[in-house]
Amino acid sequence: MLIILAHELTHHSDLFLDDFDDEREDGIWFEEGMCFYLPRKILLNEKEFNEITYVETELFETFKDEYGNHSLDDFGTSSYQGSLSGIMFDYWRSYLAVKFLVEVSANNDVKLVFEEYHKWDQEGRKVSLAEYFDINSLFK
């Protein structure tokens, strides 16, 4: 329950560009992924964190051919017409994308990832956030 509560509270962080209640079109995958990543990374021990990551990686791999044919930026656009696994697929993929950005691309520096996220916004969002982070090809 604590992880769920922390996830929901993380949505209200000033680190995100848009208010959670706003009509958003850009980068919802980033916010959802980060709201899963941060509470898990902070509140779970390493074994628990690795176990949930393993399970969600397996679920992603199992369903990617069925549900993974759209950009991360299209988070949720078609999933709510389908099954629970179709709905959850975008959440699993977003979490794994954020985990990759923080742990691989930014060498475990979550602050650097947020700085890049804000830079994307300040530069006028000229490309989608997934394109900016060059992340789509990793999660298809």
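Use the structure listed above.
Worth saying up front: this structure is predicted, and the values here are computed from it rather than measured. (Residues numbered from 1 in each chain as written. Predicted model: local features only at pLDDT ≥ 70, side-chain atom pairs only at ≥ 80, totals over all residues. Heavy atoms only, no water.)

### A look at unusual backbone geometry
Unusually for a residue other than glycine, N107 sits at a positive phi of about 50°. Positive phi values are uncommon outside glycine, yet N108 reaches one of about 70°. When you line up the elements, N108 lands in the loop between helix 4 (84–105) and helix 5 (110–122). (Helix = DSSP H or I, 4+ residues; strand = E, 2+ residues; numbered from the N terminus.)

### Description of a nonpolar patch on the surface
On the surface, L2, L5, L9, I42 and L43 cluster together into a nonpolar patch covering about 520 Å² of accessible area. Per-element accounting of the nonpolar patch gives the leading share, three residues, to helix 1 (residues 2–10). Relative to the helices and strands, L5 is located in helix 1. (Patch = residues over 30% accessible without salt bridge, like charges linked within 9 Å, V, L, I, M, F, W, Y side chains within 5 Å. Areas by Shrake-Rupley, 256 points an atom, 1.4 Å probe, with all protein chains shown as cover. Salt bridge = Lys/Arg side-chain N within 4 Å of Asp/Glu carboxyl O.)

### With respect to the environment of D121
On the secondary structure map, D121 appears in helix 5. Expressed as a C-alpha distance, the spacing of D121 and L17, which sit 104 residues apart in the sequence, is 7.9 Å.

### Here we look at the packing of helix 2 (residues 28–43) against helix 4
The relative placement of two packed helices is expressed as an angle between their axes plus a distance between the axes. Running from amino to carboxyl end, helix 2 crosses helix 4 at an angle of 70°, the nearest separation of the two axes being 7 Å. The angle between helix 2 and helix 4 falls in the class roughly perpendicular. Seen along the crossing, helix 2 lies across helix 4 with a hand that is right-handed. Residues W29, F30, E32, G33, M34, F36, Y37, R40 and K41 of helix 2 form the contact with helix 4, whose participating residues are Y91, S94, Y95, A97, V98, K99, L101, V102 and E103. Among the residues making up the contact of helix 2 with helix 4, the classes are represented as 11 nonpolar, two polar and five charged. (Axes fitted to C-alpha atoms, helices over the stretch in contact; angles between N-to-C directions. Parallel < 35°, antiparallel > 145°, perpendicular 65-115°, else oblique. Left-handed = near helix turned anticlockwise from the far one by under 90°. Contact = heavy atoms within 4.5 Å. Nonpolar A, V, L, I, M, F, W, Y, C, P; charged D, E, K, R; others polar.)

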